[in-house]
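A look at the structure
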Amino acid sequence: MPWQDSDVYYFPNLFSLSESRHYFRLLESLNWQQETLNLYNREVKTPRLQSFYGDNGVYYTYSGQRFDATEWVQVLSCLKPWLASTCSQVLGRTIQFNAMLGNYYRDGNDNMGWHADDEPELGQEPVIASLNFGAARDFKFKHKFSSQQHNLLLENGSLLIMAGKTQQFWYHSLPKRMRVAEPRINLTFRYLINSPK
Ligand SMILES: O=C(O)CCC(=O)C(=O)O
Ligand SMILES: [Fe+2]
């Protein structure tokens, strides 16, 4: 995408309709959980389900809680090297992933608020490869220091890659869409640099 301070690529139809359906069905059986977060002493349920897989010992911290990765399962072990080589071709350097944070949006009410994936464990200029299955949903970008905004429709069977300075300069979000009745599964493959436990 030709946006300033960013390195964003969108590939629709990376998978055919029947491949996407097949993946959606397989991915429905990941260990989806609705996390409860403590925000200002109130217990708040995240407005979506999440799952977290990764190499042995990989974890991430979020809102003061620590999440340890579940061991890889077959569908993810297959997607991971294939996605890493796809990203390596796109970016022209070797890309690896050691974790996958998944999001399950049950319908258009489920959403994700504005954030940047800029935690220290993601390192400088992280590469985040995001696969989309099921309902098409709007995905928004908002520049951190100017008024620029962009909208991308993330369709069934598509890939979004965010790299370079994207997380440093932009927030992104997945807003509610009341008219969407179907579920959506999103997989974000990442590389986490963990300090020793
Ligand atoms: O569901 C999406 O496409 C957004 C996922 C996301 O931004 C994240 O997991 O950090
Ligand atoms: Fe994100």
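Residues numbered from 1 in each chain as written. Chains lettered and ligands numbered in written order. Predicted model: local features only at pLDDT ≥ 70, side-chain atom pairs only at ≥ 80, totals over all residues. Heavy atoms only, no water.

Taking an unreviewed UniProt entry as the reference, the protein chain is identified by name as Alpha-ketoglutarate-dependent dioxygenase AlkB belonging to Saccharobesus litoralis. Turning to the protein chain, the UniProt annotation filed under Cofactor (unreviewed entry) states: "Fe(2+)". (UniProt positions renumbered as here; feature names shortened; annotations may be inferred.)

1. Some thoughts on the site of ligand 1
Residues in contact with ligand 1, as listed here, are Asn103, Tyr105, Met112, His115, Asp117, Phe139, Leu154, His172, Arg184, Asn186, Thr188 and Arg190. One of the side-chain nitrogen or oxygen atoms of asparagine 186 is found 3.3 Å away from an oxygen atom of ligand 1. Look at ligand 1: alone it shows 300 Å² of surface, and the protein chains cover 96% of it. No other element matches strand E14 (residues 184–190), which puts four residues into the shell around ligand 1. For the shell around ligand 1, a count of residues per class yields four nonpolar, five polar and three charged. (Near = heavy atom within 4 Å. Polar contact = N/O pair within 3.5 Å; in protein donor to acceptor, adjacent residues only side chain to side chain. Areas by Shrake-Rupley, 256 points an atom, 1.4 Å probe, with all protein chains shown as cover. Helix = DSSP H or I, 4+ residues; strand = E, 2+ residues; numbered from the N terminus. Nonpolar A, V, L, I, M, F, W, Y, C, P; charged D, E, K, R; others polar.)

2. Points about the sheet that holds strand E12 (residues 158–163)
If you trace the six strands from one edge of the open sheet to the other, you get E1-E12-E9-E14-E7-E4, paired in antiparallel fashion. The open sheet terminates on both sides in strands that have one partner only, identified here as strand E1 (7–11) and strand E4 (49–54). In this sheet, adjacent strand axes meet at a mean angle of 15 degrees when their direction is disregarded. The sheet contact formed by strand E9 (residues 128–134) and E14 spans six bridges and is antiparallel. By the bridge assignment, serine 130 is partnered in E14 with threonine 188. (Pairing = 2+ DSSP bridges. Axes fitted to C-alpha atoms, helices over the stretch in contact; angles between N-to-C directions.)

3. Quick word on the UniProt feature "binding site: substrate" (unreviewed entry) in the protein chain
As annotated by UniProt and renumbered to match this structure, "binding site: substrate" (unreviewed entry) occupies Tyr60, Thr61, Tyr62 and Asp118. Spanning 59 residues, the named residues nonetheless gather at one spot, since no C-alpha pair among them exceeds 12.1 Å. Here threonine 61 falls in the partly exposed class, since its relative accessible area comes to 38%. Setting aside anything within four residues of it in sequence, one finds threonine 61 in contact with Arg66 and Glu121. With respect to the helices and strands, the residue tyrosine 62 is situated in strand E5 (residues 59–62). In contact with tyrosine 62, not counting residues within four places along its chain, are Leu37, Arg48 and Phe67. (Buried < 20%, exposed > 50% of the residue type's maximum accessible area, 1.4 Å probe, protein only. Contact = heavy atoms within 4.5 Å.)

4. A closer look at the pairing of strand E2 (residues 36–39)
Note on strand geometry: in a regular strand, side chains alternate between the two faces of the sheet. Two strands pair when backbone bridges link them, and E2 and strand E3 (residues 42–45) are joined in this way by four bridges, in the antiparallel orientation. The residue bridging threonine 36 from the neighbouring strand is lysine 45, located in E3.

5. Structural notes on the nonpolar core
Residues Leu27, Leu30, Leu76, Phe97, Leu131, Leu187 and Phe189 are the most contacted members of the largest nonpolar core, which totals 30 residues. Of all the elements in the fold, those that place two or more residues in this core are helix H1 (17–27), E4, helix H2 (74–91), strand E7 (99–105), E9, E12 and E14. When residues in this core are grouped by element, the largest group, seven residues, is from H2. In contact with leucine 30, other than residues within four places in its own chain, are Ser51, Tyr53, Val73, Val75, Leu76, Met100 and Leu187. Counting 15 residues, the second-largest nonpolar core is a separate cluster that includes Tyr105, Met112, Phe169 and Leu174. (Core = buried A, V, L, I, M, F, W, Y, C linked by side-chain atoms within 4.5 Å.)

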